[in-house]
Amino acid sequence: MHILILGGDGYLGWPSAMYFSELGYDVTVVDNYFRRNACTELDVGMLYPVPTLIERAKIWHELTGKEIKVVIGDLTDPELMRSLFKGTIAYTWATDGTFAGLPGTVIHYAEQPSAPYSLINYKYANITISNNLLVTNNLMFALRDFSRDTHVIHIGTMGEYGTPNIDIEEGWLDIEHKGRKDKFLFPRQASSLYHTTKIMDTDLMWFAVRMWGLKITNLMQGPVYGIETAASRKDDRLKTIFNYDEIFGTIINRFIVQAIVDYPLTVYGKGGQTRGYLNINDTLQCVHQSEKNLAGKGELRIFNQIMETFSVMDLARMTRQVGRKLGYDVQIQHLENPRKELEEHYYNPTYQGLLDLGVTPHYLTEKELEKMFRGVEPYRNNIRKDVIFRGIKW
Ligand code: USQ
């Protein structure tokens, strides 16, 4: 019952830590504050200040009596990664400093997650490539050398597939070629450098599964939205990092913030770009079900982690409708698209695997959108219009 969360300070990492701790798991989180430091360096603003990971673990301990052990450190350093499995790790904060033991599951969120960040210039491209690939490779070798039975849950992205003109399967595709059949990873064609590093992650993990019999679940996630989880309702200081800027904010979270400050909704190009979306609470469910029903030895299991699909214009219209009901004068603007992507395309992904494991979807209803407006409103005075759109070009 020991879960190790790499990237435990992030938008999904911290809510996952509280979720599993609440369920009675022993949880260790590792983070080097990459996201926070990048937000400071790029001056992107955040909806509200968030206590450090150590402060949050202490608050959690005071409120629940449960301990989330914290390691502050950079997982691109192979020795740090290896120490988490060798038992030589010194915790940065823990009430009990003895080694928590080999983890049954590692959840790997420790990646630079933003497509625009990866395309600011060659420097940010290189940071994205080196961070994401080194962390994944360090994890693969640490498991090979110390803990081949640990199950890995890696957060991949639907963006690995791009927008092909055929149905998207869950990770794999059966091919018949010149009368012979085989199964291959579904063709990947990412439209950002960040998404390309996720393709390379998948290839590193597939190699490790074939060579060393590791057990890996790769969750191909779409853009996540939401601000509250059950655990964060205990205390505002436990709320997750919430970005609404062009670099780290994802579209639904951005649109809600824009509507609240009368900033016309930033639809890039025609707005026919269609993606699969999910609520942050469903990410937690998906990760939990993947943890309970683990991948087999020598298996790279892939699920598409989305609950429904929308176009950018669908989202803009829904936000406008709910915003207007709440008294906001929401306008929609079509900006020249800073990205290179199809603005009208076929999109038909399969996403049955996680539902079959028992995940119950929360859909993006008007009520859900209204809850998000209510969650953001108290912080409206913190919202900076200057970070909403800067136009980072692909
Ligand atoms: N978009 C707009 N206006 C905006 C922001 C985005 O029209 O103000 C459009 C984008 O052009 C894109 C779509 O909305 O077509 C989604 O953009 P996004 O910024 O919400 O998401 P994306 O850059 O694709 O990346 C996010 C997460 C990433 C995750 C990915 C899943 O940051 O970590 O991997 O969603 S997916 O999109 O399925 O690849």
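## Topic: the nonpolar core
Thinking step 1. Counting residues in each nonpolar core, the largest one holds 38 residues, and the members touching the most others are Leu47, Ile252 and Val376.
Thinking step 2. Looking at this core, the element that brings in the most residues is helix α8 (residues 251–260), giving seven residues.
Thinking step 3. When residues no more than four places from it in sequence are discounted, the contact partners of Leu47 are Ile227, Phe242, Tyr244, Val376, Tyr379, Asn382 and Ile383.
Thinking step 4. Leu6, Leu75, Val135 and Trp172 belong to the second largest nonpolar core, which has 37 residues in total.

## A word on the sheet that holds strand β13 (residues 308–311)
Thinking step 1. Here we have three strands laid out as an open sheet, ordered β9-β11-β13, and mixed in their pairing. Two strands in the sheet have a free side with no partner beyond their single neighbour: β9 (224–225) and β13.
Thinking step 2. Note: β9 against strand β11 (residues 274–279), two bridges, orientation parallel. If you follow Val224 over to β11, its bridge partner there is Leu278.
Thinking step 3. Lying over the sheet, helix α10 (residues 312–325) contacts β11 and β13, oriented at roughly 85° with respect to β13.

## Observations concerning the site of the ligand
Thinking step 1. What surrounds the ligand is a group of 21 residues, the closest being Pro113, Thr157, Tyr194, Thr266 and Glu341.
Thinking step 2. Within the side chain of Arg254, a nitrogen or oxygen atom sits 3.0 Å from an oxygen atom of the ligand.
Thinking step 3. In this structure, an oxygen atom belonging to the ligand sits 2.6 Å away from a side-chain N or O atom of Glu341.
Thinking step 4. Relative to its free-state accessible area of 730 Å², the ligand is covered by the protein chains to the extent of 93%.
Thinking step 5. When residues of the shell around the ligand are traced back to their parent elements, those giving at least two are α7 (193–212), α8 and β10 (265–268).
Thinking step 6. The greatest single-element share of the shell around the ligand, amounting to three residues, is contributed by β10.
Thinking step 7. When grouped by side-chain class, the residues that make up the shell around the ligand number nine nonpolar, eight polar and four charged.

## Side note on the pattern of salt bridges
Thinking step 1. Within the structure shown, the criterion is met by 20 salt bridges.
Thinking step 2. With its nearest N and O atoms 3.0 Å apart, the salt bridge here joins Arg188 to Asp203. With Arg188 in the loop between β7 (180–185) and α7 and Asp203 in helix α7, this residue pair connects regions lying 15 residues apart in the sequence.
Thinking step 3. According to the relative accessible area criterion, Arg188 is partly exposed, its value standing at 24%.
Thinking step 4. Between Lys239 and Asp236 there is a salt bridge, and its shortest N-O distance comes to 3.0 Å.
Thinking step 5. Each of Asp9, Arg36 and Arg56 takes part in a single network of salt bridges with overlapping partners.

## Structural notes on α7
Thinking step 1. Under the 1.5 Å per step criterion, the end-to-end length of α7 is 28 Å for 20 residues, consistent within 8% with the ideal 28 Å.
Thinking step 2. Of all the positions in α7, only Tyr194, His195, Thr197, Lys198, Ile199, Asp201, Thr202, Met205, Ala208, Val209 and Trp212 are classed as buried.
Thinking step 3. N-cap assignment for α7: the residue whose side-chain oxygen lies 3.2 Å from the backbone N of Tyr194 is Ser192.
Thinking step 4. Where α7 terminates, the next one or two residues include Gly213, which has phi positive at roughly 70°.

## Here's the deal with unusual backbone geometry
Thinking step 1. Even without a glycine there, the phi angle at Lys178 is positive, about 50°.
Thinking step 2. As for its position among the elements, Lys178 is in the loop between β6 (172–177) and β7.
Thinking step 3. The backbone of Asp262 sits at a positive phi, close to 55°, despite the residue not being glycine.
Thinking step 4. Counting through the fold element by element, Asp262 comes out in the loop between α8 and β10.

## Observations regarding α8
An α-helical turn contains 3.6 residues, so a residue and the one three or four places further along point in the same direction.
Thinking step 1. For α8, a buried count of ten out of ten residues is recorded, marking the element as mostly surrounded by other parts of the structure.
Thinking step 2. Among all positions in α8, only Ile251, Ile252, Asn253, Arg254, Phe255, Ile256, Val257, Gln258, Ala259 and Ile260 are buried.
Thinking step 3. Against β9, β10, β11, α10 and α12 (366–376) lie the buried residues of α8.
Thinking step 4. Asp262 occupies a position one or two residues after α8 and carries a positive phi of about 55°.

## Digging into the side chain of Ser16
Thinking step 1. Position of Ser16 among the secondary structure elements: in helix α1 (residues 13–22).
Thinking step 2. Given the relative accessible area of 1%, Ser16 is considered buried.
Thinking step 3. Within the local environment of Ser16, its side chain forms a polar contact with the side chain of Tyr109, the two groups lying 2.6 Å apart.
Thinking step 4. Here Ser16 is in contact with Ile5, Tyr109 and Leu284, once residues within four sequence places are set aside.

## Thoughts on the sheet that holds strand β8 (residues 215–221)
Thinking step 1. Taken together, seven strands build an open sheet; the order of strands is β3-β2-β1-β4-β5-β8-β12 and the sheet is parallel. In this open sheet, the two strands that pair with only one neighbour each are β3 (68–72) and β12 (299–305). Looking at each pair of strands side by side, their axes are set apart by 20° on average, direction ignored.
Thinking step 2. Relative to strand β2 (residues 26–31), strand β1 (residues 2–6) runs parallel, the two sharing five bridges.

Definitions and cut-offs
- Residues numbered from 1 in each chain as written.
- Predicted model: local features only at pLDDT ≥ 70, side-chain atom pairs only at ≥ 80, totals over all residues.
- Heavy atoms only, no water.
- Core = buried A, V, L, I, M, F, W, Y, C linked by side-chain atoms within 4.5 Å.
- Buried < 20%, exposed > 50% of the residue type's maximum accessible area, 1.4 Å probe, protein only.
- Helix = DSSP H or I, 4+ residues; strand = E, 2+ residues; numbered from the N terminus.
- Contact = heavy atoms within 4.5 Å.
- Pairing = 2+ DSSP bridges.
- Axes fitted to C-alpha atoms, helices over the stretch in contact; angles between N-to-C directions.
- Near = heavy atom within 4 Å.
- Polar contact = N/O pair within 3.5 Å; in protein donor to acceptor, adjacent residues only side chain to side chain.
- Areas by Shrake-Rupley, 256 points an atom, 1.4 Å probe, with all protein chains shown as cover.
- Nonpolar A, V, L, I, M, F, W, Y, C, P; charged D, E, K, R; others polar.
- Salt bridge = Lys/Arg side-chain N within 4 Å of Asp/Glu carboxyl O.
- Expected span 1.5 Å × (residues − 1).

Treat this as a map of the structure, not an account of what it does.
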